[in-house]
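Structural characterization, general
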Amino acid sequence: MAAGKVTIPHFTVMYDYSFNSIKINCSALRKNYAFIQQKTGAGVPVMAMVKADAYGHGMVMAAKAFSHAGCTAFGVAELREAVLLREAGIQGDIYVTIGFVEIDAGLFFQYRLTPVIYSYAAAQALSIQAVALGQEIGIHIKVDSGMGRLGIFPPDIPAFADTVASLPGIKINGLMSHFPESDNPAAESTRENFTQFAGACRALKNRYTTLCHIANSGAVLNFPDTWCDMVRAGIALYGYHPAGSDGGEGPSCTALIPAMSFTSRILQVKTVPAGRGISYGHTFRTRRQTTLAVLPVGYEDGFSRLLSNRAKVLVHGHPVPVVGRICMNMCMIDVTGLTDVAAGDEVVLLGRQGQQTITADDIAKEMGSISYEVLCLLGNNNQRQYIE
Ligand SMILES: *Cc1c(COP(=O)(O)O)cnc(C)c1O
């Protein structure tokens, strides 16, 4: 984004700013964590899922906020993320949930990380390191109880566990699975999945002291009897119901506070006559004399091209439509009828302005997706500022 004469507070170095700003409300993150922890109660700890740079909120800052709210367990996808978290000073258990390259097994010892295992090769690599270091490592096993993704099928769990447990230096500390449809209170699959998982848990608990965990945000909100020994919350911690706004009518959901907002500024305002084509492909044509505003927001900034001619943004507290195709770095909005709109005016793409609010669910609906993707796209493609 080219620097102009625009003055933006917080950015004193002129070349180091963007017109676009993601703001993360840290107190919202802490409150959401406290709400979920209060819901599950003291006996059921809440693992904070901070993968994907904490769903776009910034992994380290989000983990610090959750830590301040009492969190002592964190979940990431990859080893690289876990190492970053530990190096940033995050205390507590850090779970690596999708596996690792065997050559990196030593890092689990160096950084005191918890591996989630679904292959004998991974367990063997950890065992070799354990023996070399004269240490023991606690592992969790991944079960596929119906998600159809990563993990070992429930009937194979006891034999797998025994094989792995016989490796020197390996201690089985937990069993985890994942629900495919827990955001829907009416879905039958959650019961069936849980029956499968509970069976595997019983089999293991007879032999090992295992922490069993399967509940994601959907199950935290909809299925209290699946909480087991720990829950793993993601989207709810960032302020959204996993089912989107349609599923978020329950009383438990109004407590969740969206933590992310996204604002930008108008670059140029101009009057365009009727019958003019706007943006690539001229997919929008003005039907009347139109006041057009150009925004420095494009798909490069995570504002998906699928939102072309669909999204609304807030200007002076009013929802106005995006018109024409969203470009790489820019898009156009129709501000006809609003008075005194000028270059430099604030535009809210996600969050509140005046009495109006645009949520990640609103944006997701327009692009045929879910709040999770919207938060990742916007949060991970723009400068973030942290506020209280
Ligand atoms: C991301 C993730 C979660 C959290 O899911 P939400 O629906 O965001 O609560 C839980 N468990 C695992 C293994 C995950 O990857």
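So, how was this worked out
- Residues numbered from 1 in each chain as written.
- Predicted model: local features only at pLDDT ≥ 70, side-chain atom pairs only at ≥ 80, totals over all residues.
- Heavy atoms only, no water.
- Helix = DSSP H or I, 4+ residues; strand = E, 2+ residues; numbered from the N terminus.
- Buried < 20%, exposed > 50% of the residue type's maximum accessible area, 1.4 Å probe, protein only.
- Contact = heavy atoms within 4.5 Å.
- Areas by Shrake-Rupley, 256 points an atom, 1.4 Å probe, with all protein chains shown as cover.
- Lys, Arg positive; Asp, Glu negative; His and termini not counted.
- Charge placed at Lys NZ, Arg CZ, Asp CG, Glu CD.
- Core = buried A, V, L, I, M, F, W, Y, C linked by side-chain atoms within 4.5 Å.
- Domains from an automatic or database assignment.
- Axes fitted to C-alpha atoms, helices over the stretch in contact; angles between N-to-C directions.
- Parallel < 35°, antiparallel > 145°, perpendicular 65-115°, else oblique.
- Left-handed = near helix turned anticlockwise from the far one by under 90°.
- Nonpolar A, V, L, I, M, F, W, Y, C, P; charged D, E, K, R; others polar.
- 1 Å grid on protein atoms, 1.4 Å probe; cavity = no way out; pocket = protein on both sides within 12 Å on 5 of 7 lines; lining within 4 Å.
- Points joined across faces, edges and corners; volume = space filled by probe spheres on them.
- Salt bridge = Lys/Arg side-chain N within 4 Å of Asp/Glu carboxyl O.
- Near = heavy atom within 4 Å.
- Polar contact = N/O pair within 3.5 Å; in protein donor to acceptor, adjacent residues only side chain to side chain.
- Sits in = over half its atoms within 2 Å of the grid points.
- Phe/Tyr/Trp six-rings, centres within 6.5 Å; stacked < 30°, edge-to-face > 60°.
- Pairing = 2+ DSSP bridges.
- Arc of directions from axis to C-beta.

It is worth spelling out the overall build of the protein chain at this point. Scanning the protein chain from terminus to terminus reveals 11 helices and 20 strands. Overall, the C-alpha framework of the protein chain stretches about 75 × 45 × 40 Å when taken along its three principal axes. By the burial criterion, 51% of the 388 residues in the protein chain qualify as buried. When contacts within the protein chain are restricted to residue pairs at least 6 apart in sequence, those whose partners lie at least 24 apart make up 64%. Split by element, the accessible area of the protein chain, about 17100 Å² in all, is 52% carbon and sulfur. Taken as two groups, the 31 positive and 31 negative side-chain charges of the protein chain have centres that lie 6 Å from each other.

The subject of this paragraph is the nonpolar core. Proteins that are soluble and globular tend to have nonpolar side chains buried together. By size, the foremost hydrophobic cluster in this structure holds 115 residues, and its most contacted members are Val-50, Phe-66, Leu-126, Leu-175, Tyr-238, Phe-303 and Val-313. Among the elements that make up this core, the one with the highest residue count is helix α8 (residues 189-205) (6 residues). Taken domain by domain, this core gets at least three of its residues from each of domain 1 (26-246) and domain 2 (260-358). When sequence neighbours within four positions are dropped, the list of residues in contact with Leu-175 reads His-140, Ile-141, Val-143, Ile-157, Phe-197, Ala-200, Cys-201, Leu-204, Leu-211, Cys-212 and His-213.

Take the packing of helix α1 (residues 26-40) against helix α3 (residues 59-68) next. At a minimum axis distance of 8 Å, the contact between α1 and α3 shows a crossing angle of 50°. By the angle between their axes, α1 is oblique relative to α3. In terms of crossing hand, the pair formed by α1 and α3 is right-handed. When α1 is examined against α3, the residues Cys-26, Leu-29, Arg-30 and Tyr-33 are found in contact with a partner set consisting of Ala-62, Ala-65, Phe-66 and His-68. Split by residue class, the contact of α1 with α3 holds 6 nonpolar, 1 polar and 1 charged.

Going through the model one piece at a time under the given rule, you end up with 1 cavity of 30 Å³ or more. Space inside the largest cavity adds up to approximately 40 Å³. What lines the largest cavity is Lys-142, Val-143, Asp-144, Met-147, Arg-149, Leu-150, Ser-177 and His-178. When the residues that make up the lining of the largest cavity are grouped by side-chain class, the tally is 3 nonpolar, 2 polar and 3 charged.

It is worth spelling out the pattern of salt bridges at this point. Across all of its chains, the model carries 7 salt bridges by this definition. Between Arg-30 and Glu-388 there is a salt bridge whose closest N-O contact spans 2.9 Å. Residue Arg-30 is located in helix α1, and its partner Glu-388 is located in the segment after β20 (384-387); the two are separated by 358 residues in the primary sequence. In this structure Arg-30 comes out as partly exposed when scored by relative accessible area, which is 27%.

Here the protein chain is partitioned into domain 1 (26-246) and domain 2 (260-358). For domain 1 and domain 2, the distance between their C-alpha centres works out to 41 Å.

So, about unusual backbone geometry. One non-glycine residue, Ala-52, lies in the positive phi region at around 55°. The phi torsion at Asp-340 lies on the positive side, around 60°, for a residue other than glycine. By the element assignment, Asp-340 lies in the loop between β17 (331-334) and β18 (346-353). Of the residues examined, Asp-340 reaches a relative accessible area of 71% and is grouped as exposed.

Here we take up the site of the ligand. Near the ligand, the surroundings consist of Met-49, Lys-51, Tyr-55, Met-176, His-178, Asn-216, Ser-217, Arg-232, Ala-233, Gly-234, Ile-235 and Tyr-372. At 2.7 Å from an oxygen atom of the ligand is found a side-chain nitrogen or oxygen belonging to Tyr-372. The protein chains hide 93% of the 390 Å² of surface that the ligand would expose on its own. Cavity membership is defined here by more than half of the atoms lying within 2 Å of grid points; on that basis the ligand lies in the largest pocket. Listing elements by their share of the shell around the ligand, those giving two or more residues are α2 (51-55) and β9 (230-233).

The geometry of an aromatic ring pair is captured by the separation of the ring centres together with the interplanar angle, meaning the angle of the planes. Applying the stated criterion to the full structure yields 6 aromatic pairs. By way of ring pairs, the aromatic residues Tyr-33, Tyr-55, Phe-66, Tyr-238 and Tyr-372 are connected into one cluster.

What follows is about the sheet that holds strand β8 (residues 211-215). The strands making up a sheet associate through hydrogen bonds between their backbones, and the pairing can be parallel or antiparallel. Strand order around the closed barrel formed by 8 strands is β2-β3-β4-β5-β6-β7-β8-β9, with parallel pairing between neighbours. On average, adjacent strands in this sheet sit at an angle of 30° to one another, irrespective of strand direction. Sheet topology places strand β6 (residues 137-142) next to strand β7 (residues 170-176); 6 bridges connect them, and they run parallel. Note that in β7 the partner of Lys-142 across the bridge is Met-176.

This brings us to α3. Those residues of α3 not exposed but buried are Met-59, Ala-62, Ala-63, Ala-65 and Phe-66. Seen along its axis, α3 keeps its buried residues to an arc of 160°; they face one direction. Looking at the packing, one finds that the buried side of α3 touches α1, β2 (46-49), α2, β3 (73-76) and α4 (79-87).

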